[in-house]
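Descriptive structure summary
Okay, here's what each chain looks like letter by letter:
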Amino acid sequence: MKITYTIVSDTVTPDLKARLGRVQNPAPAMRRMGKAIAEWAKSAFKKPSKRPAAWPPLAARTLAQKKKKGYGSKPLIASGLLARSPRVISVTRNAVVVGSDRAAKTKAGTEYSLAAIHQLGAPRRHIPARPFFPFHNGSTMPEAKKQVTSILRNWLRGKG
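Below: a short report on this structure. (Residues numbered from 1 in each chain as written. Predicted model: local features only at pLDDT ≥ 70, side-chain atom pairs only at ≥ 80, totals over all residues. Heavy atoms only, no water.)

Thoughts on the overall build of the protein
Helices and strands together make up the secondary structure of the protein, namely six helices and six strands. Helices (α) and strands (β) of the protein occur, in sequence order from the N terminus, as α-α-α-α-β-β-β-β-α-β-β-α. Against the globule reference of 15 Å for 160 residues, the protein gives a C-alpha radius of gyration of 23 Å, more extended than a compact globule. By principal-axis analysis of the C-alpha atoms, the protein measures approximately 100 × 30 × 25 Å. Evaluated residue by residue, the protein yields a buried proportion of 27% over its 160 residues. Working note: accessible area of the protein is about 11,500 Å², and carbon and sulfur atoms make up 56% of it. With 32 positive and 6 negative side-chain charges, the protein shows a spacing of 10 Å between the two charge centroids. (Helix = DSSP H or I, 4+ residues; strand = E, 2+ residues; numbered from the N terminus. Rg over C-alpha atoms; globule rule 2.2 N^0.38 Å. Buried < 20%, exposed > 50% of the residue type's maximum accessible area, 1.4 Å probe, protein only. Areas by Shrake-Rupley, 256 points an atom, 1.4 Å probe, with all protein chains shown as cover. Lys, Arg positive; Asp, Glu negative; His and termini not counted. Charge placed at Lys NZ, Arg CZ, Asp CG, Glu CD.)

Now the structure itself:
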């Protein structure tokens, strides 16, 4: 009778254990991905290539109103407050919420989101969408999707 044994060095297990450990708490990856989307949205105000759709020009009447208020030649980004407002609102293991706290009030006192009006438009008020987040009409800009995917892959590899 002959007994043979072989000692095998397991080089995969430590890497898999490390990845499994990271997957148990994906919140850090979610936060990084949310920050990337917020930075993308901020840059879209100055870089049209970062916008998921072209911004239609303002109506002549709107331009006249903005001129009276001293907004100059770029009234959509005059104060810069909306452009600086995208940020991570909340992070969980399963989701990250990116948004803006910029709001305004109607003459009647109803508060509304300036970011939502800018991103989605307001058809009843004849305000077209001028999106700055990399999402539009149910799709994500391929470059933004690639960036977020890269962040997730790097995080899973322990590189970020």
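Additional details are given in the paragraphs that follow.
Some details on a positive patch on the surface
Together, Arg61, Lys69, Lys107 and Arg125 line one region of the surface with positive charge. With respect to the helices and strands, the residue lysine 107 is situated in the loop between strand E3 (103-105) and strand E4 (111-113). (Patch = residues over 30% accessible without salt bridge, like charges linked within 9 Å, V, L, I, M, F, W, Y side chains within 5 Å. Salt bridge = Lys/Arg side-chain N within 4 Å of Asp/Glu carboxyl O.)

So, helix H2 (residues 27-44)
Between its first and last C-alpha, H2 extends 26 Å over 18 residues, near the 26 Å set by a 1.5 Å rise per residue. Residues of H2 that are buried sit in contact with strand E1 (87-91), strand E2 (96-99), strand E5 (135-136) and helix H6 (142-156). (Expected span 1.5 Å × (residues − 1). Contact = heavy atoms within 4.5 Å.)

Looking at the side chain of arginine 130
Residue position: arginine 130 is located in the loop between helix H5 (114-120) and E5. Of note is the side chain of arginine 130, whose polar atom sits 3.2 Å from the backbone oxygen of proline 57. (Polar contact = N/O pair within 3.5 Å; in protein donor to acceptor, adjacent residues only side chain to side chain.)

Regarding the pairing of E2
In terms of strand pairing, E1 meets E2 through four bridges, oriented antiparallel. Across the sheet, residue arginine 87 finds its bridge partner in E2, namely glycine 99. (Pairing = 2+ DSSP bridges.)

Some remarks on the packing of aromatic side chains
All told, the structure shown has three aromatic pairs when counted by the stated rule. For the pair phenylalanine 45 and phenylalanine 132, a centre-to-centre distance of 4.8 Å together with 45° between the ring planes defines the contact as tilted. In this pair, phenylalanine 45 sits in the loop between H2 and helix H3 (60-68) while phenylalanine 132 sits in the loop between H5 and E5, placing the two residues 87 residues apart along the sequence. Across this residue pair, the class does not change: phenylalanine 45 and phenylalanine 132 are buried. (Phe/Tyr/Trp six-rings, centres within 6.5 Å; stacked < 30°, edge-to-face > 60°.)

Brief notes about the packing of H2 against H6
Contact geometry of H2 with H6 gives a least axis separation of 9 Å together with a crossing angle of 155°. With respect to each other, H2 and H6 are oriented roughly antiparallel. Crossing of H2 over H6 shows right-handed handedness. Mapping the contact onto sequence places Pro28, Ala29, Arg32, Met33, Ala36, Ile37 and Trp40 in H2 and Glu143, Ala144, Gln147, Val148, Ile151, Leu152 and Trp155 in H6. Residues belonging to the contact of H2 with H6 are distributed by class as follows: eleven nonpolar, one polar and two charged. (Axes fitted to C-alpha atoms, helices over the stretch in contact; angles between N-to-C directions. Parallel < 35°, antiparallel > 145°, perpendicular 65-115°, else oblique. Left-handed = near helix turned anticlockwise from the far one by under 90°. Nonpolar A, V, L, I, M, F, W, Y, C, P; charged D, E, K, R; others polar.)

Regarding H6
The α-helix winds at 3.6 residues per turn, so residues separated by three or four positions along the chain end up facing the same way. For H6, built from 15 residues, the straight-helix expectation of 21 Å at 1.5 Å per residue is met to within 8% by its first-to-last C-alpha distance of 21 Å. Those residues of H6 that fall on the buried side of the exposure criterion are Ala144, Val148, Ile151 and Trp155. Viewed along the axis of H6, the buried residues span an arc of 55°, placing them on a single side of the element. Looking at H6, the residues exposed on the side facing more than 90 degrees away from the buried face are Pro142, Lys146 and Arg153. Considering only its buried residues, H6 is in contact with helix H1 (13-24), H2 and strand E6 (139-140). Of the residues flanking the end of H6, it is glycine 158, one or two places downstream, whose phi is positive at about 80°. (Arc of directions from axis to C-beta.)

Just distances and angles here, no functional claims.
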